[in-house]
Amino acid sequence: MRFLNILERKFGRYAIHGLMKYVIGCYIIGYVIQYLAPNLIGYLTLEPYLIFHRAQVWRFVSWVLIPPGRSNIIFVIIMLVLYYQLGNALEQTWGAFRFNLYIFGGVIFTIIGALILYAFTGSGIPVSIGGNFTTYYINMTIFLAFAVCYPDMRVMLYFLIPIRMKWMAIVYGALIVYEFVIVGSASGRVAIVASILNFIIFFLLTRNYKAISPKEMKRKHDFRRGVSQPHTKGNAIHKCAICGRTELDNPNLQFRYCSKCRGNFEYCQDHLFTHKHVQ
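Quick caveat: nothing in here was measured; it's all calculated off a predicted structure.

Draft legend 1. Up close: the overall build of the protein. The helix and strand tally for the protein stands at 10 helices and four strands. Overall, the protein shows an N-to-C arrangement of helices and strands of α-α-α-α-α-α-α-β-β-α-α-α-β-β. Counting all 279 residues of the protein, 41% fall into the buried class. Considering only contacts in the protein between residues 6 or more positions apart, those separated by 24 or more positions represent 64%. A total of about 16,300 Å² of accessible surface is found on the protein, and carbon and sulfur atoms cover 65% of it.

Draft legend 2. Summary view of the environment of Tyr137. Here Tyr137 lies in helix H7 (residues 136-149). Along the chain, Tyr137 and Thr110 lie 27 residues apart, while their C-alpha atoms are 9.6 Å from each other. Of the polar contacts made by the side chain of Tyr137, one reaches the side chain of Glu179; its length is 2.2 Å.

Draft legend 3. Here's a closer look at helix H5 (residues 73-94). In a regular helix each residue adds 1.5 Å, so 22 residues correspond to 32 Å; H5 covers 32 Å between its end C-alpha atoms and thus fits that length. Of the positions making up H5, those classed as buried are Val76, Met79, Leu80, Tyr83, Leu86, Gly87, Asn88, Ala89, Leu90, Glu91, Thr93 and Trp94. Positive backbone phi, at 100 degrees, marks Gly95, one or two positions downstream of H5.

Draft legend 4. Quick peek at the pattern of salt bridges. Tallied over the entire structure, the rule returns three salt bridges. Between Asp152 and Lys166 there is a salt bridge, and its shortest N-O distance comes to 3.4 Å. Highlighted residues: Asp152 in the loop between H7 and strand E1 (154-157) and Lys166 in helix H8 (residues 165-183), separated in sequence by 14 residues. Take Asp152: its relative accessible area is 31%, and that puts it in the partly exposed class. Lys166 gets classed as partly exposed once you look at its relative accessible area, which sits at 32%. The salt bridge partner of Asp270 is Arg245, with a shortest N-O separation of 2.6 Å. Of this pair, Asp270 sits in the segment after strand E4 (266-268) while Arg245 sits in the loop between helix H10 (214-228) and strand E3 (255-257), and the two are 25 residues apart along the sequence.

Draft legend 5. Spotlight on the packing of H5 against helix H6 (residues 96-121). Following both chains from N to C, one finds H5 and H6 inclined at 130 degrees, their axes separated by 6 Å at the closest point. Comparing their axes, H6 and H5 come out oblique. On H6, the residues touching Gly87, Leu90, Glu91 and Trp94 of H5 are Ala96, Arg98, Phe99 and Tyr102. Within the contact of H5 with H6, the residues separate by chemical class into five nonpolar, one polar and two charged.

Draft legend 6. The arrangement of helix H2 (residues 19-36) in detail. Spanning 18 residues, H2 covers 26 Å between terminal C-alpha atoms, matching the ideal 26 Å at 1.5 Å per step. All of the buried residues in H2 are Leu19, Met20, Val23, Ile24, Tyr27, Gly30, Tyr31, Ile33 and Gln34. Among the structural elements, H5, H6 and H7 are those in contact with the buried residues of H2.

Draft legend 7. Geometry of the environment of Leu50. The residue Leu50 is located in helix H3 (residues 48-53) in this model. The contacts of Leu50, once residues within four sequence positions are left out, are Ala55, Gln56 and Arg59.

Conventions adopted
- Residues numbered from 1 in each chain as written.
- Predicted model: local features only at pLDDT ≥ 70, side-chain atom pairs only at ≥ 80, totals over all residues.
- Heavy atoms only, no water.
- Helix = DSSP H or I, 4+ residues; strand = E, 2+ residues; numbered from the N terminus.
- Buried < 20%, exposed > 50% of the residue type's maximum accessible area, 1.4 Å probe, protein only.
- Contact = heavy atoms within 4.5 Å.
- Areas by Shrake-Rupley, 256 points an atom, 1.4 Å probe, with all protein chains shown as cover.
- Polar contact = N/O pair within 3.5 Å; in protein donor to acceptor, adjacent residues only side chain to side chain.
- Expected span 1.5 Å × (residues − 1).
- Salt bridge = Lys/Arg side-chain N within 4 Å of Asp/Glu carboxyl O.
- Axes fitted to C-alpha atoms, helices over the stretch in contact; angles between N-to-C directions.
- Parallel < 35°, antiparallel > 145°, perpendicular 65-115°, else oblique.
- Nonpolar A, V, L, I, M, F, W, Y, C, P; charged D, E, K, R; others polar.

Just geometry here; none of it tells us what the structure is for.
See the structure below:
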């Protein structure tokens, strides 16, 4: 987290605000190509052999136009709207710079994974691996990140079944594991690991992502509001949550809010450091 803070101070001004609208725009272009000129998709895939032996360098970038999955137009619209909302929510939670780093990290790791796989399969052999390296799992990491930040948010599955995000994330995680262990080929496994590496780094290695979680931010907001806007309890302004004393009982008593308790709990000077924190 300290490293991210340093990066944000130095490069935060270069962050792209509203990044998801550009991501969704790329998918829309990709869907148009799929339906109107499907043969062109083959010229967009991430194929290291063609990049290095045919100088088709655009493939380093063009593969992000390939949309995640293909289905009927109704499902496509629902998917685009869903991921647009999830991405915007994450950007508002983390800030534009960290969300940019998360998305571009997934893209860069995917490219590196393709290059590593190409190096191991033989740099002079025209092996087609581009079909495995798409934005499908990068989109999954957006969903997983949102579920970690908002685990208790309810969504309507198929517009009928209310379900919490954390349970859907478990299903998504199980699906990824199933595809990695059972279904995936060697190249597919490399693609999966490379695409979700941004999620692993952000949420498993840093270990203190709760500091930017919505619950923690709300708790800090409620605490600051409670400190700046004291509320009246009866005829007294302050009241200890342990002993119940107010400034009317003793004008010399000092009262403080506890930053470690969840909610607006105020304590007198005798109980501020001795009370059990409310979680």
